[in-house]
Structures are given as structure tokens and as C-alpha cells.
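Inside the fold
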There are 2 protein chains.
Amino acid sequence: MYLAIDLGGTNIKAGLVDEDGKIINRAQRPTLAHRGYEEIAKDMALCAIEAAETAGVSMDDIESVGIGSPGTIDNNRGIIVYANNINFRNTPIRSEMQKYINKPIYMGNDADCAALGEYVMLKKDMKSFVFVTLGTGVGGGIIIDGKLFSGFNGAGGELGHMTLVKGGKKCTCGRKGCYEAYASVTGLIDATKQAILENPNSYLASLCKNNLEEVGGKTAFLAAKDGDELGKKIVDEWIGYVSEGITNIVNIFQPEVLAIGGAISKEGDTILKPITEFVEKYRYSKDVDQTRLEIARLGNDAGLIGAAFLGKH
Amino acid sequence: MYLAIDLGGTNIKAGLVDEDGKIINRAQRPTLAHRGYEEIAKDMALCAIEAAETAGVSMDDIESVGIGSPGTIDNNRGIIVYANNINFRNTPIRSEMQKYINKPIYMGNDADCAALGEYVMLKKDMKSFVFVTLGTGVGGGIIIDGKLFSGFNGAGGELGHMTLVKGGKKCTCGRKGCYEAYASVTGLIDATKQAILENPNSYLASLCKNNLEEVGGKTAFLAAKDGDELGKKIVDEWIGYVSEGITNIVNIFQPEVLAIGGAISKEGDTILKPITEFVEKYRYSKDVDQTRLEIARLGNDAGLIGAAFLGKH
């Protein structure tokens, strides 16, 4: 049995996870991110212990504890190097947690953990696997020979931060034209809002009653499904950006499987089919076995399941 | 001792390489690419044997033979899947060569071999290393945990074929706006020619006597060194494209060392300094150890040395 912690800006979520990646029990506490790291680390430990004990599982039966955290993680040193939304900087989370838990504690970036979770649950001895999440940003996780790859300093796999449009839209990272600025759900929402401003009498605008605050990642997809041309145009353009980046990733990694995650991936074949067609048409090496593109399977639990298996991968 | 073969469209080059990566002896034959693969494979084998025997080394003292070839290579099956400039397609080079050489034969892509050669000669236990060659195209080689990484099908590492300018310049691969279309020496030469056409009375134009066929990768660099503004502008723009792609690669791989190769890398600090400054300014994760950028050290021999060590990595 494993314990996993998903550290977020709002909540600390803990899970008791079995060998098959099944979440047996859960516990949750607020992060209260303004507190000192000692208190947060204590709550992380107690929350994990709670997930075990309320399921009647003794800590003696726990093999290891895994932590998924936003930001840049250094598992070797057991620190969170930098996490913007919790205001951690070179924070020694592992040593602090080990005051309460005497088990091996492994740490990883939350996108990496989600990738690992998806990988583990595919239950296949894949040589390489890439996970791309389309959310507020664009995140990535890379698994090579069964091991998470994140560069020599733990900061790699930033698939959202490759320039796709040199000199293009400003990205939160300070560069211009990053993949994330276009292919994230934020990018899709921006494009939808822009279209509504330019077409206030459109069907698309009516879907959110001309209130830009009502616009979400689904708005353009809903309009497109109702046959609206403007909605279809926005969706097609967004899928075009997503596909360009996925093709880049295929050309660079040629992974056995590339899975697309994030809430928007629930659109399923509506996005998977055109992305797959684009990649097949434009990928560099056409005479070799093809990367299999898939929609991610686990949803929000991927991070927790992956964190549980950090010690193994 | 190892034997290495660098298979090119024009020549077959063979080398006898010692444990330290030193090339002890060489041999060469024309590829005569129009011939059947049986004859080419035979010449590859005989050329390698010649490199050993003319150095007085018996084949008994050879550990293995490595082949670096352009195109897509499948080492597991011992075939060249596809090599455009020799017209090979699913060609069983290994089994054919083993008619003449009874040693383990390993095969790899030439850019991968060059990366491996540079890696081996850095003689350091690097966790990850990326090699980017700026030549006719832009090639890449990736080494993770001491092993070449080229995806599940051997076709990965195509760093030149990520879109940098969506909808931009046509690339030889069929897509638009690839990194290679801008950052290759071909891209630099194109930009130089264009500037000369637009400025026939410029100093830059005088350097090649207004003869576009005289334009090379060095032309704009020469003009810039002489203080010519037009030359400087072309060089700066080209370095800007190169830097964008290198920053992408750093964000994705965070390798311990990234080496830049190809004949143009002889410009040394003239290109390394501005690229390094760009990467430091725009890389995503600033709070972690930095990738060390370097100019490649081996020149044309990298491929031969890397091929020799294919069996070990």
C-alpha cells in the first residue's frame, strides 16, 4: 500500500493507493497557503496518516509516501525549489514531513505525477510515454524506459513553453508565442471572448448572454455542435494550434503513446480525431511505426495515483 | 578496439577507434549509391576490415562494429528503414554485412552518432546531453542516463522539425515554419541571398561579387565582422531563430549540457554568447541549476567516434 499527497494551492488531498493503482481511501484538508511551511508539511503528513488510519490500515503496511506538488521539485534534496501559488522557495518539505512519518518520501511535479498515473494505469510495458495536459496552462510529463524524465535539474518537460509563433502572443513565462498561450484552455477562452466582442449578435454571443464572464472552455465547442460557423472556426483554429504542438512533440520524442489530458479532453473524439489526422499528415518520419494518440483515462485522480508510484518510477 | 563506419551519400568512411575514442586508422571508399545494397554493404564491411588490417590490428581484437547512417535506423531489426540520399528502404544492412564480419554490429542515425561521440569525449558522467547540429538541416541527438534516446521507433530527436513560426516558411518535410527552415545554414544562406537581391549595392553584395552562387554560411558573418550593418542584421536575426529553438529544447529537456555543432559552430563565441544570453533571459525555470551551453568539440569525427561506441550506449 502507498500513501499519496496532492498538494494544491487550495487543498491538501491524500489518498491510500493499492498496488493496482486503486484509491482505497481519501482525506482532505485546506492548504491555507499563507501559513509557514512547517504547519503545511505537518498537515500533509497528518492528512496522509488519516487516509490510512480511517481505512483501518496501519502505517506499518505503507511502503512509501509520494507527494505531487506544483512548481519545480528537487526529489534528490527533498525540497520544493519553487511553487508560485504556495509561495514556497527551496522549502525542505521532506525533512519536515519526516518528523511525523518514518517512511521513504518521494516528491514530484504534479504534471509529472499525472503522467505517471496515466502510464501506470495503461498497464503496459511502454518504452516511452508522453502526457500533455491542456488546462489553464499546457503541462507535460515524459516517461522513458519506465522512469519519469524531467532533466538533470527536475525542471524539464515544460512542453507548453516551446515557441510556436515566434513574436506572437505574450505568454505568462515572459516569452512570446509559446504553445501554452494558444493551446491552453485559457487560450481557447481568450479566442472565444475575442470573437464574441467582434460578433455581439452571433449565436456564440447568445450562448453566454453576451456576458464574457460566462465564457468557458466549452462555449465554442457547444456552439460548434449546434452548427454555428463562428464556434466551429474557433474550435478548428484551437485544434490547429494543439495539433502543431503535438506534432512537434511526436517528432522530438516519438513516444509509443501520447495521451492528452485536462478537463477539455472530455470532448473526446471531437478533438482526438482531427489532431490524429494532422499528426499523421505532418509528422516527420512516416515510414516507421506510429505514435498512438489517446485521450487520458484517469481525470483528476491521475496525480494522486502517480504520486503513489513515484518511488517505483 | 572498435570499428566504425560513417555511411554517406558520397563516401563510406571507416575508422579504427580505441577505448578512449581516438581514431587510430582510417579507410574510405566511394558509396556509389546507385548500386544494390548488397554491394554497398560489402564495401562497408571491407572498408572497415581495411581500417583494422592496415593498422596491423587483427579482427580478433575488434569488440564490435558501429554504423552511422543518415535516415531512420532500426537497430533492433538491423535495417535502414529509410535513407533518402542512398535510396534505402527497409534495407537489411546488418545481415548483409555479417556475411563478411563475424562481430556484433550496431546501427544508429548519423546525428545520434555525432551526439554520442561528443558525449563520450566530454568524459563526464552527465545525466543528460543534447546535441544540436546546424548544417544543411538542423539535426539533433539526445542522450539520457548514458543512453541514446530516439523514441520507441528509432525516429525521434528530430529537433529541427518543431514549428517555430506557425504558417511560416515552407520546410523540406512538408510542414511550414519548422525550426530547420530558419535556423539551418540553408536558412541563413537564403536570408543572405534575399538581402543581397534587395540591396545589390551593399557591402554584403560586394563580398560575393553580386554572385548569389558565391553566398555561403560565412558570408553574413564576414560582413558583420567588417562592421557592415546589413550583415549584422542578418546574423542577429539568424541567431534569434537559433536561440528560440535552443530555449525550447532547454525548457523541454533541461539537459546538463547542450552542445551546438555543425561547421557554422566554428564561429564560436560570436554565436555562443548571444544564444546563452537569450536562453538565460527566456528559459522557463530560472530557480534551478542551468543547462551549460557549449560549442561541439569534435567536428566531422564526432559521427565516427559515436558509431564506435554505439554498442556501449
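Computed from a prediction, not measured in an experiment: that's the story for all the values here.

**Concerning helix α3 (residues 110-121) of chain A**
Residue and element names in this part refer to chain A.
- With 12 residues, α3 ought to run about 16 Å at 1.5 Å a step, and its terminal C-alpha atoms sit 17 Å apart, in line with that.
- Burial analysis of α3 places 10 of its 12 residues in the buried class, the great majority of the element.
- In the core, the buried residues of α3 are packed alongside β4 (64-69), β8 (105-109), β9 (128-134), β10 (138-144), β11 (147-149) and α10 (302-308).
- Sitting at the head of α3, N109 places a side-chain oxygen 2.8 Å from the backbone nitrogen of A111.
- K123 occupies a position one or two residues after α3 and carries a positive phi of about 45 degrees.

**A few points about the relation of the copies chain B and chain A**
- Mapping chain B onto chain A calls for a screw motion: a turn of 180 degrees about the axis and a shift of 0.0 Å along it, with 0.1 Å RMSD after fitting. These values place the two chain copies in the arrangement generated by a two-fold rotation axis.
- In this assembly the copies share their binding face: 100% of the residues contributing to the interface of chain B also contribute to that of chain A.

**Some points on the packing of helix α5 (residues 185-198) of chain B against helix α8 (residues 229-253) of chain B**
Residues and elements named next belong to chain B.
- Contact geometry of α5 with α8 gives a least axis separation of 10 Å together with a crossing angle of 150 degrees. Classed by the angle they form, the pair α5 and α8 counts as roughly antiparallel. The two elements α5 and α8 cross, and the hand of that crossing is right-handed. Each of L188, A191, T192 and A195 in α5 lies in contact with α8, whose residues at this interface are L230, I234 and W238.
- Class assignment of the residues belonging to the contact of α5 with α8 gives a composition of 6 nonpolar, 1 polar and no charged.

**Thoughts on the domain arrangement of chain A**
All names here are of chain A.
- When the domains of chain A are assigned, the result is domain 1 (2-119 + 301-312) and domain 2 (125-296).
- Put simply, the middle of domain 1 and the middle of domain 2, counted by C-alpha atoms, are 28 Å apart.
- The interface of domain 1 with domain 2 comprises 10 residues on the first partner and 13 residues on the second.
- Of the roughly 1100 Å² buried where domain 1 meets domain 2, counting both sides, 67% is carbon and sulfur surface.
- The largest share of the area that domain 1 buries against domain 2 comes from D112, E118 and Y119, three residues that together contribute 54% of it.
- Summed over the shared surface of domain 1 and domain 2, the result is 0 salt bridges.

**Considerations on the sheet that holds strand β9 (residues 128-134) of chain B**
All names here are of chain B.
- The 5 strands are arranged β11-β10-β9-β12-β13 in an open sheet whose pairing can be described as mixed. Because the sheet does not close on itself, it has two edges, and the strands there are β11 (147-149) and β13 (292-295). Put simply, the sheet's adjacent strands are angled 25 degrees from each other on average, direction ignored.
- Taken together, the 3 bridges between strand β10 (residues 138-144) and β11 define a ladder with antiparallel strand orientation. Looking across to β11, one finds that I144 is bridged to K147.
- Each of β12 (257-261) and β13 is contacted by helix α9 (residues 269-282), which is oriented at about 160 degrees to β13, the strand it contacts most.

**Section: α9(B)**
Residue and element names in this part refer to chain B.
- With 14 residues, α9 extends 19 Å between its outermost C-alpha atoms, agreeing within 8% with the 20 Å of an ideal straight helix rising 1.5 Å per residue.
- Those residues of α9 that sit buried are I271, L272, I275, F278 and V279. Around the axis of α9, the buried residues are gathered within 135 degrees of arc, so they sit on the same side. In α9, the exposed positions that point more than 90 degrees away from the buried face belong to D269, K273 and K281.
- Of the surrounding elements, those touching the buried residues of α9 are α7 (219-225), α8, β12 and β13.

**So, unusual backbone geometry**
Residue and element names in this part refer to chain A.
- Phi angles above zero are rare outside glycine, and N87 is one such case at about 60 degrees.
- Position of N87 relative to the elements: it lies in the loop between β6 (79-83) and β7 (88-91).
- Relative accessible area serves as the criterion here: at 69%, N87 is assigned to the exposed category.
- In this model, Q254 sits at a positive phi of 40 degrees, which is unusual for a non-glycine residue.
- Positionally, Q254 belongs in the loop between α8 (229-253) and β12 (257-261).
- Residue class for Q254 comes out buried when judged on its relative accessible area of 0%.

**Some details on the interface of chain B and chain A**
- Taken residue by residue, the interface counts 48 residues in chain B and 49 residues in chain A.
- Summed over both partners, the interface of chain B with chain A comes to about 4300 Å²; 60% of that surface belongs to carbon and sulfur atoms.
- When the buried surface of chain B facing chain A is broken down by residue, B:F152, B:K166 and B:I252 rank first, second and third, together holding 18% of it.
- Linking chain B with chain A are 6 salt bridges, by the criterion used here.
- Salt-bridge contacts for B:E244 lead to A:R175; the nearest nitrogen and oxygen are separated by 2.7 Å.
- In this assembly, chain B and chain A are joined by 26 residue pairs in polar contact (both at pLDDT 80 or more).
- Looking at the side of chain B that touches chain A, the elements that each hand over two or more residues are β6 (79-83), β10, β11 and α8 of chain B.
- Its residues assigned to classes, the side of chain B that touches chain A shows 19 nonpolar, 17 polar and 12 charged.

**Some words on the pairing of strand β4 (residues 64-69) of chain B**
Residues and elements named next belong to chain B.
- Of all 6 residues making up β4, 6 are buried, and the element is well covered by its neighbours.
- Strand direction decides the pairing type here: strand β1 (residues 2-7) and β4, joined by 5 bridges, are parallel. Paired with I5 across the two strands is I67, which belongs to β4.
- Where β4 lies against strand β8 (residues 105-109), 5 bridges are found, and the strand directions are parallel. When the sheet's bridge partners are listed, S69 is paired in β8 with N109.

What counts as what
Residues numbered from 1 in each chain as written. Chains lettered and ligands numbered in written order. Predicted model: local features only at pLDDT ≥ 70, side-chain atom pairs only at ≥ 80, totals over all residues. Heavy atoms only, no water. Helix = DSSP H or I, 4+ residues; strand = E, 2+ residues; numbered from the N terminus. Expected span 1.5 Å × (residues − 1). Buried < 20%, exposed > 50% of the residue type's maximum accessible area, 1.4 Å probe, protein only. Contact = heavy atoms within 4.5 Å. Polar contact = N/O pair within 3.5 Å; in protein donor to acceptor, adjacent residues only side chain to side chain. Least-squares fit on C-alpha atoms with pLDDT ≥ 70 in both. Axes fitted to C-alpha atoms, helices over the stretch in contact; angles between N-to-C directions. Parallel < 35°, antiparallel > 145°, perpendicular 65-115°, else oblique. Left-handed = near helix turned anticlockwise from the far one by under 90°. Nonpolar A, V, L, I, M, F, W, Y, C, P; charged D, E, K, R; others polar. Domains from an automatic or database assignment. Buried area = accessible area lost by both parts, 1.4 Å probe. Salt bridge = Lys/Arg side-chain N within 4 Å of Asp/Glu carboxyl O. Pairing = 2+ DSSP bridges. Arc of directions from axis to C-beta.

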